[in-house]
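# Analysis of the macromolecular model
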Amino acid sequence: MYKPLVAVVGRPNVGKSTLFNAIVKKRISIVEDIPGVTRDRIYFDAEWLGHEFTMIDTGGIEFIDSDNNIFTSMRYQAELAIHEADVILYVVDGKMGIQPQDQEIANILRSSGKPIILVVNKIDSIEQEVNIYEFYSLGLGDPIGVSAVNLMNLGDLLDQVLEYIGKTPSEEEAEDAIHIALIGRPNVGKSSLTNALLGQERVIVSNIPGTTRDSIDTHWQHEGSEFVLIDTAGMRRKGKIDIPVERYSVIRALRAVDRCDVAVLVLDATEGVTEQDKKIAGYAHEAGKGSIIVVNKWDLIDKDSKTSDKFSEDIRRELVFMQYAPILYTSALTKQRIHRLADLVKFVSEQQNMRVSTSVLNELISDAQLINPPPAKNGHPLRIYYMTQASVKPPTFVLFVNDPQLMHFSYLRFLENKLRETFGFEGTPIHLILRGKKDGDTE
């Protein structure tokens, strides 16, 4: 269900992200004393007095003659946020006072026709409240002084927000939305893929590695299905993480994997599978997430009838632990095959939520043991009594045996393969847990 949108805009370094984090009560936007740290529109749900709304953090708006495409894109992202917002929080710096750009931004906001709340940030004491009055000259009504760092006067600010967005509580967001995390190295085309899927410039696209620094949630509807698309910062090797901002981005990207249902590993077709790709894929696999491998920039490859088969063989050899993941060859630039991704995500989600009855599982175990008897150690044979499914996402099965120490990893792999041959479970890892007659569980 639609929730009112509240956009936070203003010049760089006036405390927009700090205010955003204070309102949503989480460290979502990266906060550094560096202009331009927040580049994309960051969305996160917030609540005040039982009323829900969605906050949008934006990059700072600057009016400078520059060939810097990043700052141009940041301004464009802020303008998009202004266009889609229901209420705008215009944040200015109470310590610095009015700056020439403040009036220019005020003129843009007035022309939007949207409700505007003028927020004078960095008012950290009663003595500093006198700094508020000069901002009346912006012609945006009564300013409200706050301290985002010290959480001062945020209640009064949020009361004003509620006056604009109405008093009707929002309905809960549909819980059946599939959360998708786009993961991969920097500059493999994750942001371009996001924009191609959504059909708009939702996130900044640049050929400079590391452009995306925050994980961004976007609600996406496709042919009646609900998705939440998370475009994450590219993950680099630890040795190449030189500044705190990028370190936060990697942590946030890993958190995005933790809270997604399906991880889409984006590879660069021109580079193949790298060591870092293996580490990223391994993280998603160990986290038990459904996985899809997207080979992007496929339009840049000279192809014949066997090119994709050979590329798939290379991927399977390099990502041997992720044999279950389907592979999709795409081009975000030409939009080649990207329409298939939504159906593939739905299919993987169904596979990872599949349940199999205990009676059917025990038939499979009986047949498997006839084909390939369980191993023995020092004359003691492994006995499998029965199997049951404990959970989904990922499908997790408990094997009740006489002694877990008698189970060889190759036989566990054999049983996993039988499960996949019989039921599919495509795109999802399978967890097998051993439980002995005495005590303790062993994976």
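Residues numbered from 1 in each chain as written. Predicted model: local features only at pLDDT ≥ 70, side-chain atom pairs only at ≥ 80, totals over all residues. Heavy atoms only, no water.

## Regarding the overall build of the chain
Each helix and strand in the chain was counted, giving 11 helices and 18 strands. Among the 443 residues that make up the chain, the fraction classed as buried is 52%. Taking all contacts inside the chain whose residues are at least 6 apart in sequence as the whole, residues at least 24 apart take part in 70%. Total accessible area on the chain stands at roughly 20,800 Å², and carbon and sulfur atoms take up 49% of it. (Helix = DSSP H or I, 4+ residues; strand = E, 2+ residues; numbered from the N terminus. Buried < 20%, exposed > 50% of the residue type's maximum accessible area, 1.4 Å probe, protein only. Contact = heavy atoms within 4.5 Å. Areas by Shrake-Rupley, 256 points an atom, 1.4 Å probe, with all protein chains shown as cover.)

## Examining the pattern of salt bridges
Within this structure, the stated rule accounts for 13 salt bridges. A salt bridge links R11 to D102; the nearest nitrogen and oxygen atoms lie 2.8 Å apart. One end of the pair, R11, is in the loop between strand 1 (5–10) and helix 1 (16–24); the other, D102, is in helix 3 (residues 100–112), and 91 residues separate them in sequence. Judged by relative accessible area, which is 0%, D102 ranks as buried. D124 serves as the salt-bridge partner of K95, at 3.4 Å between the closest nitrogen and oxygen. One end of the pair, K95, is in the loop between strand 4 (87–93) and helix 3; the other, D124, is in the loop between strand 5 (116–121) and strand 6 (144–145), with 29 residues separating them in the sequence. Note on K95: relative accessible area 54%, which makes it exposed. Salt bridges sharing partners connect three or more residues here, namely R185, E271 and D277. (Salt bridge = Lys/Arg side-chain N within 4 Å of Asp/Glu carboxyl O.)

## With respect to the packing of helix 1 against helix 4 (residues 154–165)
For any two helices packed against each other, one specifies the crossing angle of their axes together with the interaxial distance. One can describe the packing of helix 1 onto helix 4 by two numbers: an axis separation of 12 Å at closest approach and a directional angle of 80°. Regarding the angle of helix 1 to helix 4, the classification is roughly perpendicular. Touching L19, A22 and I23 of helix 1 are L154, L157 and L158, all from helix 4. (Axes fitted to C-alpha atoms, helices over the stretch in contact; angles between N-to-C directions. Parallel < 35°, antiparallel > 145°, perpendicular 65-115°, else oblique.)

## Focus: the layout of surface pockets
By volume, the second largest pocket is sized at about 630 Å³. In terms of lining, the second largest pocket is formed by 17 residues, of which the most central are H285, F321, R413, E416 and I430. Among the elements of the structure, helix 7 (275–286), helix 11 (409–423) and strand 17 (431–435) are those that each provide at least two residues to the lining of the second largest pocket. Taken together, the residues of the lining of the second largest pocket break down into 8 nonpolar, 4 polar and 5 charged. (1 Å grid on protein atoms, 1.4 Å probe; cavity = no way out; pocket = protein on both sides within 12 Å on 5 of 7 lines; lining within 4 Å. Points joined across faces, edges and corners; volume = space filled by probe spheres on them. Nonpolar A, V, L, I, M, F, W, Y, C, P; charged D, E, K, R; others polar.)

## A short note on the sheet that holds strand 6
Pairing is mixed across the open sheet formed by 6 strands, whose spatial order is 2-3-1-4-5-6. Each edge of the open sheet carries a strand with a single partner, namely strand 2 (42–48) and strand 6. Direction of pairing for strand 1 relative to strand 3 (residues 51–57): parallel, over a ladder of 4 bridges. Counterpart to V6 in the pairing with strand 3 is M55. Contacts from helix 1 reach strand 1, strand 2, strand 3, strand 4 and strand 5, with the element oriented near 160° to strand 3. (Pairing = 2+ DSSP bridges.)

## Observations regarding the environment of L382
Structurally, the position occupied by L382 is in the loop between strand 14 (380–381) and strand 15 (384–391). The residues contacting L382, other than those within four sequence positions of it, are P374, P375, A376, V401, N402, D403, L406 and M407.

## Comments concerning the pairing of strand 4
Burial analysis of strand 4 places 7 of its 7 residues in the buried class, which makes it a mostly covered element. Judged by which residues are buried, strand 4 turns out to be covered on both faces: V87, L89, V91 and D93 on one side and I88, Y90 and V92 on the other are all buried. Taken together, the 5 bridges between strand 1 and strand 4 define a ladder with parallel strand orientation. By the bridge assignment for strand 4, A7 is matched with I88. Where strand 4 and strand 5 come together, 6 bridges link them in parallel fashion. The partner of D93 across the bridge, within strand 5, is N121.

## Remarks on the packing of aromatic side chains
Across all of its chains, the model carries 9 aromatic pairs by this definition. Ring plane angle 75° and centroid distance 5.8 Å describe the contact between F397 and F425, whose orientation is recorded as edge-to-face. Of the two residues, F397 sits in strand 16 (residues 396–401) while F425 sits in the loop between helix 11 and strand 17, which places them 28 residues apart along the sequence. With a centroid separation of 6.2 Å and an interplanar angle of 65°, the aromatic rings of F423 and F425 are classed as edge-to-face. In textbook terms, an aromatic cluster arises when at least three aromatic residues are bridged by ring pairs, as seen for W298, F311 and Y329. (Phe/Tyr/Trp six-rings, centres within 6.5 Å; stacked < 30°, edge-to-face > 60°.)

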